[in-house]
Amino acid sequence: HNGEINTIERLRSEARMLRIPLSRGGSDSQDVDAIVRGMANRLGLSLVEAVELLFPPIVNEVRRMDAASQELYVHARAAFGPFAQGPAAILARMGDTCVFTVDALGLRPLWHVESPDEHVFSSERGWIPLARYLNDPRPLGPGERAALRRGPEGWRLLGHDEVRASFLAARNGRGAAVQGFAAHLEAGGPADPPPDPSRRGRGITRWSVGTPPDELEDVTQRREAQFAALGWEPDDVKMAKALAETAAEPIGSLGYDGPLAALAPRANLADHLHETVAVVTNPAIDREREIEHFSTRVLLGPRPSPRGRGAVRPWIELRQPILLGGHAPDTGLRGADHRATARSLGTWILEDIVAAFGQWYPRGPVVLEADRDWEEHPRDAIARIAAAACRGVRRGGRLVVLQDRGVLAEGRAWLDPLLVTAAVHRALVEQPSGSGSLRRDCALIVSAGSLRNLHDIVVALGSGADAVHPYLLLEHAISMEDPDALPRLVEGLRKGIEKVISTLGIHELRGYGRLVSAVGLAPEIAALLGIRTFCANDVAGLGWERIAEEGLTRAAMLRERTPARLDPPFRIYLRVWKAALAVANGEAPYSTYAEKLGEYEREHPVSLRHLLDLRLTDDAYAPAVQPAADTRTGGHAMPFYISSMSFGSQGETAYRAYAEAASQLDMICINGEGGELPDLLGRYPRHRGQQIASGRFGVSALLANSSDFLEIKIGQGAKPGEGGHLPAPKVSAKVALARNARPGVDLISPSNNHDIYSIEDLAQVVSELKTVNPR
């Protein structure tokens, strides 16, 4: 294995569900090896089957197959799935078979070199002498397979089509047919209500599609109280509105300047969790290939056996994991009214999911409330709910629904549904069954009003949910009285999910696992979630005591026993912005800004660095024995420079502040490829470098002569596909002035894949510049 498996967390979880033992603390290569061996030795699969199950073809490739092959691959992807995604080249041998393949995106090289005596598969081709080549070396394409199989006459090379035919023959021999379900799964939800509505399952009556009550409360006012009680902030409401209006997140910059969850007066569990990102240096891929490979599909229901034996039990496949419908009767909303919308989005309404599982499986769905008795300890309540889920699945339930509606009843206290989801998922994984574990026997859906945004939804999916039902988000979009608001909201969230997984090198959502770490979460809670935590211990951080207290407070707010208001968090940047701009413009000394910032950091800390300081010894201020080191280089005080960031990307205050800081520190700051504001041209010739890049925004003789330094950007690997993109809403009048562009028009800066300067080009540029400025 050459490369990395970006979905290794999910792959390990799936291996545990199949009871395949992994080494403790093993690398991703060791674990992939253990899973291939486990599939062959424990499950009785051939090496070709094991590799094909582990690295299945993408959905769009399956669609292009004939009907019989599609049926077998639908079964295979449901039995295991795309849990080994990443830039990897795989070479495997077991007995008389060798299999070679690369990942679905083809981001790791695997060359096939043929000589008179051997077939060589390697990430490098240069170590085979040219004289021994029979043919030109050929790299395996994305998702391509090759194999060598030894028979009576020696080794024989199998191409991609032969490997696939071998897999299909093996699966046919095992009877791994879906029996007509593939076409149904592609339908994206039923067009009409499921038949026999009397079997909708127990505990779901509040989701009835009947006529709502004649007299409704002030729904808007009650919904705002729910927002406040369930941890929403005004920014969450604004974000939901923007998604419903544009199907895209609003663009901002400079990050979040509110308090960390551990420093906030109130926060949900998800606010303590942050994505653990390993930035990978994959080469840029074109947008068409990205679209072809991305998939937000999820499966609901029991998973078929990887062995391909036994009756296939029904399941549902969604094109994206957000369910519609499921509104309480007192909202005046009917889930049935959104059945067509759900179908167009490739999902279902919650009522139909519950009804379908009630018809297919006699036990019906297992519906559990994410709440606790007023005097019940949260830890005991979570253990009780997890045990109830395991009992229900062991008795034949194939759908587990976690909902937070029961807390409205007297005597109940709120529990964060994400904490309950993680505990239920973990309990189901650990309980053995005939399929490996109970988790493979069922679907897990979480229906919660505290799913406020994209982050919460992704955390829920990473914590074990197969699908989510963020009913308050949906109701907020519906309340806008725009028939397109709801589909735009869901589409915006789906695109956001793609963005999240792509940052981790993942192209199919089913491979996403628990890829978060916590800040300020008590170790015992982090252990329950199966994640790492930082800056917390048993007495400091979000622990059981605070969880219990929050549950009582929020329950009282939901039942309108105490007032609930949407309070904005303390935002530090807004309060120091004017002072920072005054310093950047040279209108005030830095000490004014530092004093104001220090005051806010002491009184309202929002970051870990605001809680840290230096502990000085008594002789800390004693004069140094040796003179200070000289850091000067060339004509400046230190050998550092502030790298290029364009005006359009960061905003005016930061843009001016960097230039002024470089001047005061006697170092260099590069402006970036966004051109220069007119009043800054020539203001800092020794400290302000001008960049000439592929977009050439704002480049002119005036710009070149305004500085002692020019930076020519030849390539930038951080620009995949189309290159740098400054969206039209950010192209203000000032940005357009700096870039010699028109306000409100998208600006694209080509990536290094499209615009590479030659040596001759550079020589010509330098020659022309020398004619106007000999320096």
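Residues numbered from 1 in each chain as written. Predicted model: local features only at pLDDT ≥ 70, side-chain atom pairs only at ≥ 80, totals over all residues. Heavy atoms only, no water.

Q: In this structure, what is going on with the packing of helix α5 (residues 67-79) against helix α6 (residues 160-173)? I would like to understand it.
A: Angle between the axes and distance between the axes: these two values describe a pair of packed helices. Relative orientation of the contacting elements α5 and α6 amounts to 75°, with a least axis distance of 10 Å. Classified by the interaxial angle, the pair formed by α5 and α6 is roughly perpendicular. Only Arg-164, Phe-167, Leu-168, Arg-171 and Asn-172 of α6 make contact with α5, whose side of the interface consists of Ser-69, Leu-72, Tyr-73, His-75 and Ala-76. In the contact of α5 with α6, the residues fall into five nonpolar, three polar and two charged. (Axes fitted to C-alpha atoms, helices over the stretch in contact; angles between N-to-C directions. Helix = DSSP H or I, 4+ residues; strand = E, 2+ residues; numbered from the N terminus. Parallel < 35°, antiparallel > 145°, perpendicular 65-115°, else oblique. Contact = heavy atoms within 4.5 Å. Nonpolar A, V, L, I, M, F, W, Y, C, P; charged D, E, K, R; others polar.)

Q: Is there a simple way to explain unusual backbone geometry in this structure?
A: The phi angle of most residues is negative, glycine excepted, and most peptide bonds adopt the trans form. Phi angles above zero are rare outside glycine, and Ala-247 is one such case at about 60°. Relative to the elements of secondary structure, Ala-247 occurs in the loop between α9 (234-246) and β9 (273-275). Notably, Asp-666 is not glycine yet its phi reads approximately 55°, a positive angle. Of note, Asp-666 is situated in the loop between α23 (652-665) and β21 (668-670).

Q: Just checking my understanding: could you explain the packing of aromatic side chains for this structure?
A: The way to describe two aromatic rings as a pair is by their centre distance and the angle between their planes. Throughout the structure, instances matching the rule amount to nine aromatic pairs. Taken together, a centroid distance of 6.1 Å and an interplanar angle of 40° make the contact between Tyr-573 and Trp-577 tilted. A residue pair is termed a helical-turn pair when its members lie 3 or 4 positions apart in one helix, as Tyr-573 and Trp-577 do in helix α20 (residues 572-584) at four residues. Taking relative accessible area as the criterion, Tyr-573 reaches 30% and is therefore assigned partly exposed. Looking at Trp-577, the relative accessible area reads 35%, which means it is partly exposed. Taken together through their ring pairs, the aromatic side chains of Phe-357, Trp-360 and Tyr-361 make up a single cluster. A cation over a ring is seen here: Arg-125 above Trp-111, with NZ or CZ 4.1 Å from the ring centre. If you follow Arg-688 out to its NZ or CZ, it ends over the ring of Tyr-655, 4.6 Å from the centre. (Phe/Tyr/Trp six-rings, centres within 6.5 Å; stacked < 30°, edge-to-face > 60°. Buried < 20%, exposed > 50% of the residue type's maximum accessible area, 1.4 Å probe, protein only. Lys NZ or Arg CZ within 6 Å of the ring centre and 35° of its normal.)

Q: Please explain the sheet that holds β21 as it appears in this structure.
A: Remark on secondary structure: sheet strands pair via backbone hydrogen bonds, oriented parallel or antiparallel. Strand order in this open sheet of four strands is β20-β21-β22-β23, and the pairing throughout is parallel. Whereas interior strands pair on both sides, the edge strands pair on one side only; in this sheet they are β20 (641-642) and β23 (710-712). Where β21 and strand β22 (residues 688-692) come together, two bridges link them in parallel fashion. When the bridges of β22 are listed, Cys-669 appears paired with Arg-688. The strands touched by α23 within the sheet are β20, β21 and β22, with β21 carrying the most contacts at an inclination of about 155°. (Pairing = 2+ DSSP bridges.)

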